[in-house]
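Reading the structure
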Amino acid sequence: MPFPALIAALVLTSAAEISDAVRKNRPAVDFVLEATLSQSWTSNSISFAVEDASGAAILRNESLRHRPLRYAPGDRLRIKGNTAINEYGRTIANAHKFERLGHETEPRPITASVEDVLSGKLDNRLVTVSGIVREVFRDEIDPNWIYIVLNCTGKRIPLVFSSRSHDLSEFNDLIGTEVAGTGICNFQSCGLRRIGTRQLEILDPGAIRVLSPSPSNPFEVTPISNDIDASHYEIERMGLRRITGRVVAGWDERHFMIRDVSGDVHRIELIEGTPPKYGMTVDVTGFPKSDLYNINLTSAKWRAATIGSLLTSSNVASDAPLTTADLLDKKYTRQNLLIRNQGRAICVTGLVRDMKIGQGKYRTCTIHDGPFSITINSGAECPFPDELSINSRIKAIGTCLAPIGPWDSSAAFPHVTDDLFVVLRKPGDLVIVANPPWWTTERLLAVIASLLAALAAILLWNLALRRLVERRGRALFKAEIGKAGAELRIDERTRLAVELHDSLAQNLTAISF
């Protein structure tokens, strides 16, 4: 093949080829493309989507940070550029030169199911997907990005857009609402994240259209309990559900636990607001999520229970506190016993080994009681005593929680550690049994360090004194030698003078005679 023809063959000329080069991480490949603009820019404002007969691609141009793309969807463009590695180490298609060839019909969004989107058949195309808003959050790794997660027949797909000006509370009313979102199906993750699911990048919240509003009263929904005969996947597909129970623990500004009429416990993750106080009977509505032990609620809201749903003391008995010895039955593993007894009161004692400040007014400390490493959470209403410090011996009564790890469908079940988590319930639940001894390890080390410093100072002073004595001794020795030399010279001069006198006297006597 002639060299010019070989060079031409290496230049990408279709949207599908460019998308494939990006997907396979092939940088430094030139492209010359004639395609139709399908979206003038995606949510990060420096990218735009194009499509031709072969497929679609997302291109990027850094100059769009300072001025928007001057072309409109439907414009036919000739674009030159090359693939490159961006600041996140990801292959992108950089567009350098643009030429408008004309205008065609603006591409219409493709109404698709979530299965079609996740299959990859619609990558880089303008797509409309509908579903129920399950949760809203801002990426903690890259706070520029806001995620609105849709639940579509049990599968999830996020609508993503970049904004620091919007507050998450603006979108809380969308929870439980059926919406349709229109954006570019992107197989690459946004921002700093490099591995993730396919998502729809939308221009702004205006790309979300409400199809069916959430219930006017979110608490007038179907109740749910642990007795439900449904698989994990069926639970994930459910809409809003309600649980009534008594609050038995609250360990940060978004999470608390309730026990229902049957005695089962449920973890609650709030979407907004503050958790209820210990002992309150509440109605909670949210999306069911199973950890394979209990049904929990996410994106939840709560209210004080109505008269008709109040629990009586006979419904939920106040159990006597457990001890760590009750969690050491040889018939069962510690994890088994923790799961069986979570939500119950437990009494623990031990030495404080660590103290931390959590969210807001919540604090934690770590103690050791037998084989257990126990984290004690202060709860909302139980601040730690001011005199509490490392190595204090304490006695605490609180609610036992099993630390259940995250779980996804690719794992057999969620992991449960054998650590114990205890949440204080009311003031006075934590008592200092003994203050730390004065001879702590830190103080002993401080004394040893002081003694070593004093010893070092004495040795240095002794060395300096020795050098001073040596210096003065040498000076005295030199002075004594000088004095002895002077005396010798005087004696010699005296002797010579005497001899000279005697010799002169003899000579004078001889002359006189």
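These remarks concern the structure in this document. The shown structure was predicted, so the numbers you read here are calculated from the model rather than taken from an experiment.

**Comments concerning the environment of L292**
Considering the arrangement of structural elements, one finds L292 in the loop between β16 (281–290) and β17 (295–304). C-alpha separation for the pair L292 and S231, spaced 61 residues apart in sequence, amounts to 9.1 Å.

**Describing the nonpolar core**
It is characteristic of soluble globular proteins that their nonpolar side chains tend to be buried jointly. V117, V133, I148 and I157 are the most contacted members of the largest nonpolar core, which has 28 residues in total. Elements with a contribution of two residues or more to this core: α3 (114–119), β7 (126–138), β8 (145–152), β9 (155–162) and β10 (178–186). Apart from the residues lying within four places of it in its own chain, the contact partners of I148 are V133, E135, V136, I157, P158, L159, F161, F171, L174 and I208. In this structure, L337, I376, C382 and L430 belong to the second largest nonpolar core, which totals 25 residues.

**Comments concerning the pattern of salt bridges**
For the structure shown, the criterion picks out 14 salt bridges. The partner of R23 in a salt bridge is D123, and the shortest N-O contact between them spans 3.1 Å. Placement of R23 in helix α2 (residues 15–23) and of D123 in the loop between α3 and β7 is noted, with a sequence separation of 100 residues between them. In this structure R23 comes out as partly exposed when scored by relative accessible area, which is 37%. For D123, a relative accessible area of 7% puts it in the buried group. Between E99 and R78 there is a salt bridge, with the nearest N and O atoms lying 3.0 Å from each other. With E99 in strand β5 (residues 91–103) and R78 in strand β4 (residues 75–85), the pair connects residues that are 21 residues apart, well separated along the chain. Taking relative accessible area as the criterion, R78 reaches 26% and is therefore assigned partly exposed. Overlapping salt bridges, with partners in common, bring together R23, D123 and R198 in one network.

**A look at the packing of aromatic side chains**
The relative placement of two aromatic rings is captured by the distance of their centres and the angle of their planes. For the structure on display, the rule yields four aromatic pairs. Note on F48 and F98: the rings are 5.6 Å apart at their centroids and 55° apart in plane angle, and the pair reads as tilted. A residue pair is termed long-range when its members are at least 10 positions apart, and F48 in strand β2 (residues 47–51) and F98 in strand β5 qualify at 50 residues. Here F137 and Y147 contribute two aromatic rings whose centre-to-centre distance is 5.2 Å and whose plane-to-plane angle is 0°, an arrangement assigned as stacked.

Definitions and cut-offs
- Residues numbered from 1 in each chain as written.
- Predicted model: local features only at pLDDT ≥ 70, side-chain atom pairs only at ≥ 80, totals over all residues.
- Heavy atoms only, no water.
- Helix = DSSP H or I, 4+ residues; strand = E, 2+ residues; numbered from the N terminus.
- Core = buried A, V, L, I, M, F, W, Y, C linked by side-chain atoms within 4.5 Å.
- Buried < 20%, exposed > 50% of the residue type's maximum accessible area, 1.4 Å probe, protein only.
- Contact = heavy atoms within 4.5 Å.
- Salt bridge = Lys/Arg side-chain N within 4 Å of Asp/Glu carboxyl O.
- Phe/Tyr/Trp six-rings, centres within 6.5 Å; stacked < 30°, edge-to-face > 60°.

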